[in-house]
Amino acid sequence: EAMIQHYGLQPGASILDVGCGKAFLLYEFTQALDGAEVAGIDISEYGIANAKEEVADQLRVGNATALPWPDDSFDFVYSITTLHNLKNFALHPALSEIQRVGRGPKHITVESYRNEAEKANLLYWQLTCRAFMMPAEWEFAFAQAGYDGDYGCIYFE
């Protein structure tokens, strides 16, 4: 509900989750926003196969670097704790794709670090992380890809 309010999403809004996993958040959007049209993509066949039954037919296995939707397809696109799992060379195409398919607001949450202690914690606790970057480096990657949405960072203090 907070995301709906913050981004001004209206009934019937189309919403894409890049890295949806089992699609719990997409399901919550369908419960909190009348007529929400949701879609999700995740690289995990297991996640998609075991996703929330109510939205499973709107999900597909795929990679963030090649989103299978036309330009400007979604009113809201988000990716939460996914993009840092890509190798650095895959970030630009993934960010460009998120920008391309979104016609409205966008939000990305990534894992990051602000100092060496947080970097060590990220290295030891986030086993799937491939893009180890400080916030300024993420901002550079966003700008290079033309991403104009919001972002947030998670830190392992």
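Residues numbered from 1 in each chain as written. Predicted model: local features only at pLDDT ≥ 70, side-chain atom pairs only at ≥ 80, totals over all residues. Heavy atoms only, no water.

### Thoughts on the overall build of the protein
Under the convention used in this document: Strands are runs of DSSP state E lasting at least two residues, helices are runs of H or I lasting at least four, and both sets are numbered from the N terminus onward. We compute the radius of gyration over the C-alpha atoms and compare it with the globule rule, which gives 2.2 Å times the number of residues raised to the power 0.38.
When its secondary structure is counted, the protein shows 6 helices and 6 strands. Along the protein, from the amino end to the carboxyl end, the secondary structure elements read α-β-α-β-α-β-β-α-β-α-α-β. Radius of gyration (C-alpha) of the protein: 15 Å, near the 15 Å computed for a compact globule of 157 residues. Seen through its principal axes, the protein has C-alpha atoms that stretch 45 × 30 × 30 Å.

### Quick notes on the sheet that holds strand S4 (residues 76-80)
Keep this limit in mind: A strand pair is defined by DSSP finding two or more bridges across the two strands. Each axis is a line fitted through C-alpha atoms, and for a helix only the stretch in contact is used; angles between axes span 0 to 180 degrees, taken between their N-to-C directions.
Taking strand neighbours across the sheet as the criterion, the 6 strands line up as S3-S2-S1-S4-S5-S6 in an open arrangement whose pairing is parallel. In this open sheet, the two strands that pair with only one neighbour each are strand S3 (59-61) and strand S6 (150-154). Strand-to-strand, the axes of this sheet are offset by a mean angle of 15 degrees, without reference to chain direction. Pairing of strand S1 (residues 14-18) with S4, which is carried by 3 bridges, proceeds in the parallel orientation. Looking across to S4, one finds that Asp17 is bridged to Tyr78.

### Brief notes about the layout of surface pockets
We apply this condition: Here a cavity means grid points, on a 1 Å grid over the protein atoms only, where a 1.4 Å probe fits yet cannot get out; a pocket means an open set of points with protein on both sides within 12 Å along at least five of seven lines; lining residues are those with an atom within 4 Å of a point. Grid points are joined across faces, edges and corners, and a volume is the space filled by probe spheres set on the points.
Size it by volume and the largest pocket reaches roughly 240 Å³. If you go around the largest pocket, the residues you meet are Val18, Gly19, Ile41, Asp42, Ile43, Gly62, Asn63, Ala64, Thr81, Thr82, Asn85 and Leu86.

### Structural notes on a nonpolar patch on the surface
Heads up, the condition is: For patch detection, residues must exceed 30% relative accessible area and be free of salt bridges, and they are connected within 9 Å for like charges or within 5 Å for nonpolar side chains (Val, Leu, Ile, Met, Phe, Trp, Tyr). Only the protein chains shown count as cover for residues, and all accessible areas are computed by the Shrake-Rupley method using a 1.4 Å probe. In what follows, salt bridge is the name for a side-chain nitrogen of Lys or Arg lying within 4 Å of a carboxyl oxygen of Asp or Glu.
Together, Leu123, Tyr124 and Trp125 line one region of the surface with nonpolar side chains, adding up to about 440 Å² of accessible area. Inspection of the secondary structure puts Leu123 in helix H5 (residues 116-125).

Any functional reading would require information beyond the geometric quantities listed.
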